[in-house]
Every structure is written in C-alpha cells, then in structure tokens.
Amino acid sequence: LEPILQFSEFREIQQMQNSSRCLYRDAKNHLKIRCQSVLKGLPHAAQMHYHQLFDDDCDSDSSALRILLRRQLLIDVDDATQFGQWRTQTAVARLMTGVSLDGMDVFAAVKRAFLASQVVSLSRKKHVVSWMHVLGALEEQDPLQAKRL
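How each quantity is defined
- Residues numbered from 1 in each chain as written.
- Predicted model: local features only at pLDDT ≥ 70, side-chain atom pairs only at ≥ 80, totals over all residues.
- Heavy atoms only, no water.
- Helix = DSSP H or I, 4+ residues; strand = E, 2+ residues; numbered from the N terminus.
- Buried < 20%, exposed > 50% of the residue type's maximum accessible area, 1.4 Å probe, protein only.
- Contact = heavy atoms within 4.5 Å.
- Areas by Shrake-Rupley, 256 points an atom, 1.4 Å probe, with all protein chains shown as cover.
- Axes fitted to C-alpha atoms, helices over the stretch in contact; angles between N-to-C directions.
- Parallel < 35°, antiparallel > 145°, perpendicular 65-115°, else oblique.
- Left-handed = near helix turned anticlockwise from the far one by under 90°.
- Nonpolar A, V, L, I, M, F, W, Y, C, P; charged D, E, K, R; others polar.
- Salt bridge = Lys/Arg side-chain N within 4 Å of Asp/Glu carboxyl O.
- Patch = residues over 30% accessible without salt bridge, like charges linked within 9 Å, V, L, I, M, F, W, Y side chains within 5 Å.

Some words on the overall build of the protein chain
Helices and strands together make up the secondary structure of the protein chain, namely 10 helices and 0 strands. Of the regular secondary structure in the protein chain, the N- to C-terminal order runs α-α-α-α-α-α-α-α-α-α. Within the protein chain, buried positions represent 33% of all 149 residues. Taking contacts inside the protein chain between residues at least 6 apart in sequence as the whole, the part at least 24 apart equals 50%. Roughly 9,400 Å² of accessible area belongs to the protein chain as shown, and the carbon and sulfur atoms make up 55% of that amount.

Structure (structure tokens):
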C-alpha cells in the first residue's frame with residue numbers, strides 16, 4: 001500500500017481513506033506524515049503565520065492537513081486574481097504580487113492576509129482582520145492616518 005500512497009495526491013489518499021475501513025488507518029497515518037513533511041518544508045515564519053491566520057492548534061494531529069487545505073484556498077484565490085494583479089494601483093499591492101506566498105517578509109505576510117480576507121470562511125478571523133489593518137497602514141500615504149490604523 002505504501003508505494004501507491006507515496007505517488008497519490010492528498011485528495012486521492014483522503015478518498016481511499018474514506019472508502020475502506022481497512023485502508024483508513026494506513027492512509028490516515030501516511031497522510032499525516034506527508035502533510036507534516038510538506039509543512040515543515042515551508043519557512044518557519046510562514047508556518048507560524050499560517051497557524052496564526054487560520055487560528056489553528058499546532059499540536060493537533062490533523063493540523064498540518066487543515067493548514068495545507070486552507071493554504072490551497074489562498075493559492076486558488078491568488079490564481080483566480082492573477083489577471084487583475086498587474087493593474088493594481090498602490091505600490092504595496094504591486095510589491096505583494098511579486099512575492100512568494102510562503103515568503104518570510106512583510107509583503108508575503110500581508111499577501112497571505114489579503115488572500116485570506118477574500119475567502120469567506122477566513123475573512124472574519126481576528127488575525128486576518130488585524131493583518132488587514134497592517135496592510136491599510138502600509139498603503140496609507142498620510143503618516144498621521146497610518147498611525148491611527
């Protein structure tokens with residue numbers, strides 16, 4: 001079973017896991033290990049920011065899978081809005097489009113927050129809202145107004 005799971009996509013493994021009681025335990029363990037491996041491959045700052053944005057418990061067995069699934073939502077939003085990104089008006093928005101979603105700088109962090117704000121299930125989470133205030137302060141041209149944000 002291990003060679004099959006090794007070359008299967010996450011969603012295929014989940015389908016196998018849900019289709020058979022015999023496969024459930026093996027598929028679940030494989031999926032957990034694989035998700036943790038993928039998540040550990042990301043920069044530590046990005047990992048922690050994902051945990052923060054998604055209000056996710058770092059110690060949970062299914063935490064890595066949940067974070068990767070939500071991260072995929074951000075990637076989907078980013079892909080869906082690629083065409084309009086080159087026409088953005090603000091300098092911060094243009095800088096956000098040029099960075100990796102898994103980067104370690106402030107522009108990657110506000111990009112993650114901005115994309116999360118576009119996902120209905122994530123948009124009202126407290127850390128997403130807080131990071132959107134940071135984005136607003138970065139974009140604000142008036143220094144006095146930026147301090148208020």
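That shown, we press on.
Some details on the packing of helix α3 (residues 21-40) against helix α5 (residues 63-80)
Remark: α3 packs on α5, axes separated minimally by 8 Å, with the N-to-C direction vectors making an angle of 60 degrees. Classified by the angle between their axes, α3 and α5 sit oblique to one another. In this structure, α3 crosses over α5, and the sense of that crossing is left-handed. Residue-level inspection shows L31, C35, Q36, V38 and L39 of α3 in contact with α5, the latter providing A64, L65, I67 and L68. Each residue belonging to the contact of α3 with α5 can be placed in one class, and the counts come to 8 nonpolar, 1 polar and no charged.

Some thoughts on the pattern of salt bridges
Following the criterion strictly, the structure yields 2 salt bridges and no others. Notably, a salt bridge pairs D102 with R71, separated by 2.6 Å at the nearest N-O pair. Residue D102 is located in the loop between α7 (91-97) and α8 (106-117), and its partner R71 is located in helix α5; the two are separated by 31 residues in the primary sequence. Note on R71: relative accessible area 17%, which makes it buried. We note a salt bridge from K111 to D78, for which the minimum N-O separation is 3.6 Å.

Comments concerning a nonpolar patch on the surface
A contiguous nonpolar patch, built from V106, V134 and L138 and spanning about 190 Å² of accessible area, is present on the exposed surface. Positionally, V106 belongs in helix α8.

What to know about the side chain of K111
Structurally, K111 is set in helix α8. In this structure K111 comes out as buried when scored by relative accessible area, which is 6%. Excluding anything up to four places from it in sequence, K111 contacts D78, M96, T97, V99 and L101.

Everything listed is a geometric property; what it means functionally is a separate question.
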